[in-house]
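Observations on the three-dimensional arrangement
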Amino acid sequence: MRRLSTTVSRRLLLAGLSAMLLSACAATPPRADPESRVAAYFDPPQRYPGPTWTRGGRDVDSEELNSIAGPEHCGWDSVVMMHLGWPLGTVSRTSAEIRQYIRDPNQVIRYGVPGKVEIGVDLPPDAQDTGYRNGALELWLAASDPHAAFLRAADEVERWPRADPVVACD
C-alpha cells in the first residue's frame, strides 16, 4: 500500500509541476523588442530638429537628414516628414536640395503624397543601405523605386512614399 501511494504521489507531483510549467509559458508570451518596429522610433513624432541621425558613426546636421513631426497647426503632428539632403550627404539650404518622404498611417495629409506608408514590405533586391542610422533604425534607397525610402528596424521594413514637390501647409 505504501508503495502504491508513493508512486501515485510522484505522478501527481509530476503532473502538477508539468501543468504549472505549461501555464507559466502560456501566461508569459515573448515580448517584441521595441526597436524591432519602425513605428517605435516615431511614437510620437518629434518636433524639429527631431531625433539625431548618424552616418559613418558621426552625427549628421538636421539639414542633411531629419525626421520630424508635421506642423501641429495643420493637424499633421501625427505625421513624420523625413527630409533628406540630395544628393546624399548634402546639407540642404533650399527645398530644391531635399527629398521629402512621408509616414502618414492615418492619412491626414489630403494632397501631394502619392500613396501611403506600407508596413511589413520586403526591401527591393537593388536596395542600398545609405549608412544613415537612428539607433538601430536604418535608411535604405532603391534605384528601382526612386519615389520611396525604406526604413528598416530588425526584420521589419516600411516603405515611405516620396512627396514631389515637397508638401507643406500654410
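Everything below is about the structure shown above.
Residues numbered from 1 in each chain as written. Predicted model: local features only at pLDDT ≥ 70, side-chain atom pairs only at ≥ 80, totals over all residues. Heavy atoms only, no water.

1. So, the overall build of the chain
Applied cut-off: Secondary structure elements follow DSSP: runs of H or I of four or more residues count as helices, runs of E of two or more count as strands, with numbering from the N terminus. Throughout this description, buried means an accessible area under 20% of the type-specific maximum (1.4 Å probe, protein chains only), exposed means over 50%, and partly exposed covers the range between. Note on definitions: a residue-residue contact is assigned when non-hydrogen atoms from the two residues lie within 4.5 Å.
A tally of helices and strands in the chain yields one helix and 10 strands. Mapped in sequence order, the helices and strands of the chain form the string α-β-β-β-β-β-β-β-β-β-β. Across the 170 residues in the chain, those meeting the buried criterion constitute 36%. Of the contacts formed within the chain by residues at least 6 apart in sequence, a portion of 52% connects residues at least 24 apart.

2. With respect to the nonpolar core
Convention followed: By nonpolar core we mean a set of buried residues, namely Ala, Val, Leu, Ile, Met, Phe, Trp, Tyr and Cys, connected to one another through side-chain atoms within 4.5 Å.
Residues Phe 42, Trp 53, Leu 139 and Leu 151 are the most contacted members of the largest nonpolar core, which totals 19 residues. If near-sequence neighbours (up to four positions away) are discounted, Leu 151 is found in contact with Val 38, Phe 42, Trp 53, Met 82, Leu 137, Glu 138, Leu 139, Glu 156, Val 157, Glu 158 and Trp 160. Counting residues in hydrophobic clusters, the runner-up holds nine residues, among them Trp 76, Val 79, Ile 102 and Cys 169.

3. Observations regarding the packing of aromatic side chains
Just so we agree on the cut-off: Under the pairing criterion, centres of Phe, Tyr and Trp rings, with the six-membered ring standing for Trp, must be within 6.5 Å; the plane angle then separates stacked pairs below 30 degrees from edge-to-face pairs above 60, leaving the rest tilted. Lysine and arginine charges are scored as sitting over a ring when NZ or CZ, respectively, is within 6 Å of the ring centre and within 35 degrees of the ring normal.
All chains considered together, the criterion is met by two aromatic pairs. If you follow Arg 99 out to its NZ or CZ, it ends over the ring of Trp 86, 3.6 Å from the centre.

4. Comments concerning the environment of Gly 70
Summarising the element assignment, Gly 70 is placed in the loop between strand S3 (65–69) and strand S4 (80–85). Accessibility expressed as a relative area gives 6% for Gly 70, which makes it buried. Excluding its chain neighbours within four sequence positions, the residues that come into contact with Gly 70 are Trp 76, Asp 77, Val 79 and Met 81.

5. Details of the side chain of Glu 64
Note on placement: Glu 64 falls in the loop between strand S2 (58–59) and S3. Dropping the residues within four chain positions of it, Glu 64 is found in contact with Arg 55, Arg 58, His 83, Leu 84, Gly 85, Gly 89, Thr 90, Val 91 and Tyr 132.

6. Considering the environment of Gln 107
As for its placement among the helices and strands, Gln 107 is situated in the loop between strand S5 (98–103) and strand S6 (118–119). What makes Gln 107 partly exposed here is its relative accessible area of 37%.

7. Section: the pairing of strand S8 (residues 137–141)
Operational definition: Strands are labelled as partners when DSSP assigns at least two bridges between them.
Counting buried positions over the five residues of S8 gives five, a clear majority of the element. With burial as the criterion, each face of S8 is covered, one bearing Leu 137, Leu 139 and Leu 141 and the other bearing Glu 138 and Trp 140. Note that strand S7 (residues 128–134) and S8 share four bridges and pair antiparallel. Within S8, the residue paired with Asn 134 across the bridge is Leu 137.

8. So, the pairing of S7
Where strand S1 (residues 54–55) lies against S7, two bridges are found, and the strand directions are antiparallel. Residue Arg 55 lies in a different strand from S7, and its bridge partner there is Tyr 132. Between S7 and S8, which pair antiparallel and follow one another directly, the connecting turn spans two residues, one of which, Gly 135, has a positive phi of 65°.

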